[in-house]
Amino acid sequence: MPFKSAIPASFFGMVLGIVGLGSGWRAATALWGVPAAIGESIMIAGAAVWTVLAIAYGLKWLLHREEALAELRHPIQCCFISLVPATTTLMGLVLAPHHRGSALGLWLTGTLCQVAFAAYRSGGLWRGGMDLEAVTPIVFLPSVAANLISSIVAGVLGLQSWGLLFFGMGFFSWVVIESAIVVRLWTAPPLLPPLRPALGIHMAPPVVATVAYLANTSGPPDAFVQAMWGYGLLQLIMLARLLPWVGEQAFSASYWGYSFGVTAISTGALQIAAREGGGAIANLASVVFVLSNVAIAVLVVGTLTRLFQRRLVPPPLTDKRVGESR
């Protein structure tokens, strides 16, 4: 393997950000007529990163099985494993304009696996006993993020009835889980520095749900989806206010937790602008589009810097300490 130790599943968050940026450029092509090659090139880059990570993650289970099992058993890090099938589903979005059959196969494979993992992880939590410190935005990933991704890809593939089904799974899971997370953030001790970049995940549900809703509906965007996007904008503003506090943690791959939300808020704004033709969100579309590109550029530069420094991959998990972050 090209790293000193096995990669954590959280690295698949890079795929979310890169493909999310590619989706934004596809929307920019539809709205402003920018060259389609830009968006497709970014999508290819996302697919290449996914391929490398998928191979490395498979090798992890073959060559570093104990580390893989430790990650699966960890109260926080296990949720990142849902990104493996979720990004498989997302590859269907990459291929949708080029080969529908392959895109459909990836959507079906990823969706079946992510639902199975959500039942294992999120369903298992109903038995109780979860440590309050483990209640972070990372718990959104299995039942919220993965289902909303399945919804987006289904809508793009023309499977709107399935898309709305998965939208319901992801949307209502978000509404329920967010309350628990906010109460924890308000009342429990502050997140330890290694976990603070996970706050970036908190803004993703409303804006990813916006993209999912748009993918499965037609006509001018209604008040519901515009209000949902607005809530995502509020999350972005609050996260910007917390950046100095979050920044007490040195740069690591965990900062990619910001990427899916930042790119989805841009994609949603561009798609709303294309279908509405005006209004407050359309006026903000160019601003958030630039912001998403800058954010991903910063993450890419930081990641490549850590990679060249041989400091990108964290040490293996050795126990179930909640404060560990990957």
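Up top is the structure these notes are about.
In short, a report on the structure. (Residues numbered from 1 in each chain as written. Predicted model: local features only at pLDDT ≥ 70, side-chain atom pairs only at ≥ 80, totals over all residues. Heavy atoms only, no water.)

Remarks on helix 9 (residues 223-246)
The test is simple: Strands are runs of DSSP state E lasting at least 2 residues, helices are runs of H or I lasting at least 4, and numbering of each runs from the N terminus. To estimate how far a helix should extend, the number of its residues minus one is multiplied by 1.5 Å. Only protein chains enter the calculation, and the probe is 1.4 Å; a residue is then buried if its accessible area is under 20% of its type maximum, exposed if over 50%, and partly exposed in between. Note on definitions: a residue-residue contact is assigned when non-hydrogen atoms from the two residues lie within 4.5 Å. Contacts described as polar in this section are N or O atom pairs within 3.5 Å, which, within protein, must combine one atom able to donate a hydrogen with one able to accept it, while residues neighboring in sequence count only if both atoms come from side chains.
Taking 1.5 Å of rise per residue, 24 residues should cover 34 Å, and helix 9 covers 33 Å from first to last C-alpha, within 8% of that figure. Taken together, the buried positions of helix 9 are Val 225, Met 228, Trp 229, Gly 232, Gln 235, Leu 236, Leu 239 and Val 246. Where helix 9 is buried, its residues meet helix 7 (160-187), helix 8 (204-215), helix 10 (259-276) and helix 11 (280-308). Of the residues that open helix 9, the one with a side-chain oxygen 3.2 Å from the backbone nitrogen of Phe 224 is Asp 222.

A word on the packing of helix 4 (residues 83-95) against helix 5 (residues 100-124)
Note the cut-off: Helix axes use the C-alpha atoms of the stretch in contact, all axes being lines fitted to C-alpha atoms, and the angles between their N-to-C directions lie in the range 0 to 180 degrees. For classification purposes, angles smaller than 35 degrees are called roughly parallel, those larger than 145 roughly antiparallel, those between 65 and 115 roughly perpendicular, and all remaining angles oblique. In a left-handed crossing the near helix is turned counterclockwise from the far helix by less than a right angle, and in a right-handed crossing that turn is clockwise. Amino acids outside the nonpolar list (Ala, Val, Leu, Ile, Met, Phe, Trp, Tyr, Cys, Pro) and the charged list (Asp, Glu, Lys, Arg) are all regarded as polar, and Gly is one of them.
Interhelical geometry of helix 4 versus helix 5 gives an angle of 160 degrees and a closest axis separation of 7 Å. The pairing of helix 4 with helix 5 is recorded here as roughly antiparallel in orientation. Judged by the sense of rotation from one axis to the other, the crossing of helix 4 with helix 5 is left-handed. Residue-level inspection shows Pro 85, Thr 88, Thr 89, Met 91, Gly 92 and Leu 95 of helix 4 in contact with helix 5, the latter providing Ser 102, Ala 103, Leu 106, Trp 107, Gly 110, Thr 111, Cys 113 and Gln 114. Within the contact of helix 4 with helix 5, the residues separate by chemical class into seven nonpolar, seven polar and no charged.

Topic: empty space enclosed by the protein
Just so we agree on the cut-off: The distinction between a cavity and a pocket rests on a 1 Å grid over the protein atoms alone: a 1.4 Å probe fits inside a cavity but cannot get out, while a pocket stays open yet meets protein on both sides within 12 Å along at least five of seven lines, and a residue with an atom within 4 Å of a point counts as lining. Grid points are joined across faces, edges and corners, and a volume is the space filled by probe spheres set on the points.
The tally for this structure, following the rule as stated, stands at two cavities of 30 Å³ or more. A volume near 220 Å³ is recorded for the largest cavity. Lining the largest cavity are 23 residues, and of these Phe 80, Leu 83, Ile 201, Trp 256 and Gly 257 sit closest to its centre. Listing elements by their share of the lining of the largest cavity, those giving two or more residues are helix 1 (13-32), helix 6 (140-156) and helix 10. Across the lining of the largest cavity, the residue classes break down as 15 nonpolar, seven polar and one charged. Mapped onto the lining of the second largest cavity, the elements with two or more residues apiece are helix 6 and helix 8. If one sorts the elements of the lining of the second largest cavity by residue count, helix 6 sits on top with four residues. Per-class residue counts for the lining of the second largest cavity are nine nonpolar, no polar and no charged.

With respect to the nonpolar core
Applied cut-off: Throughout this description, the term nonpolar core refers to a set of buried Ala, Val, Leu, Ile, Met, Phe, Trp, Tyr and Cys residues connected via side-chain atoms within 4.5 Å.
Formed by 98 residues in total, the largest nonpolar core has its most connected members in Phe 11, Val 19, Ile 138, Phe 167 and Met 228. Examining the composition of this core, we find that 10 residues originate from one element, helix 6, more than from any other. If we skip the residues at most four places from it in the chain, Phe 167 touches Leu 148, Ser 151, Ala 209, Ala 212, Tyr 213, Phe 224 and Met 228.

Looking at the packing of aromatic side chains
Definition in use: Note on aromatic contacts: the rings of Phe and Tyr and the six-membered ring of Trp form a pair at centre separations within 6.5 Å, being stacked when their planes are under 30 degrees apart, edge-to-face when over 60 apart, and tilted otherwise.
This model, assessed by the stated rule, comprises 14 aromatic pairs. Judged by centre distance (5.5 Å) and plane angle (15 degrees), the rings of Phe 251 and Tyr 255 are stacked. For Tyr 255, a relative accessible area of 11% translates into the label buried. By way of ring pairs, the aromatic residues Phe 167, Phe 171, Phe 172, Trp 174, Tyr 213, Phe 224 and Tyr 231 are connected into one cluster.

A word on the packing of helix 5 against helix 6
Interhelical geometry of helix 5 versus helix 6 gives an angle of 160 degrees and a closest axis separation of 9 Å. On the basis of the axis angle, helix 5 is roughly antiparallel to helix 6. Helix 6 is crossed by helix 5, and the crossing has left-handed handedness. The residues of helix 6 that touch helix 5, namely those facing Trp 107, Thr 111, Gln 114, Val 115, Phe 117, Ala 118, Arg 121 and Ser 122, are Pro 142, Ser 143, Ala 146, Asn 147, Ser 150, Val 153 and Ala 154. Here the contact of helix 5 with helix 6 is built from residues that sort into eight nonpolar, six polar and one charged.

A short note on a nonpolar patch on the surface
Short version of the rule: Residues with no salt bridge and a relative accessible area higher than 30% make up the patches, which join like charges within 9 Å and nonpolar side chains (Val, Leu, Ile, Met, Phe, Trp, Tyr) within 5 Å. Accessible surface area values rest on a Shrake-Rupley calculation with a 1.4 Å probe, where residue burial reflects the displayed protein chains alone. The term salt bridge refers to a pairing of a side-chain nitrogen on Lys or Arg with a carboxyl oxygen on Asp or Glu at a separation within 4 Å.
The grouping of Ile 55, Leu 59, Leu 62 and Leu 63 at the surface amounts to a nonpolar patch, some 410 Å² of accessible area in total. Of note, Leu 59 is situated in helix 2 (residues 36-63). Classification of Leu 59 as partly exposed rests on a relative accessible area of 31%.

Some remarks on the side chain of Ser 143
As for its placement among the helices and strands, Ser 143 is situated in helix 6. Ser 143 sits in the buried class, given a relative accessible area of 9%. Beyond its immediate sequence surroundings of up to four residues, Ser 143 is in contact with Ala 118, Ser 122, Met 169, Gly 170, Ser 173 and Ile 177.

A look at helix 11
For the record, the criterion: In this analysis the local bend is the angle between axes fitted, respectively, to the seven residues ending at and the seven residues starting at the residue.
Compared with the 42 Å implied by 1.5 Å per residue over 29 residues, the 42 Å span of helix 11 between its first and last C-alpha is a close match. In the structure, helix 11 departs most strongly from a straight axis at Ser 286, where the bend amounts to approximately 35 degrees. Along helix 11, the residues that are buried comprise Ile 281, Ala 282, Ala 285, Val 288, Phe 289, Ser 292, Asn 293, Ile 296, Leu 299, Gly 302, Thr 303 and Arg 306. Looking at the packing, one finds that the buried side of helix 11 touches helix 1, helix 9 and helix 10.

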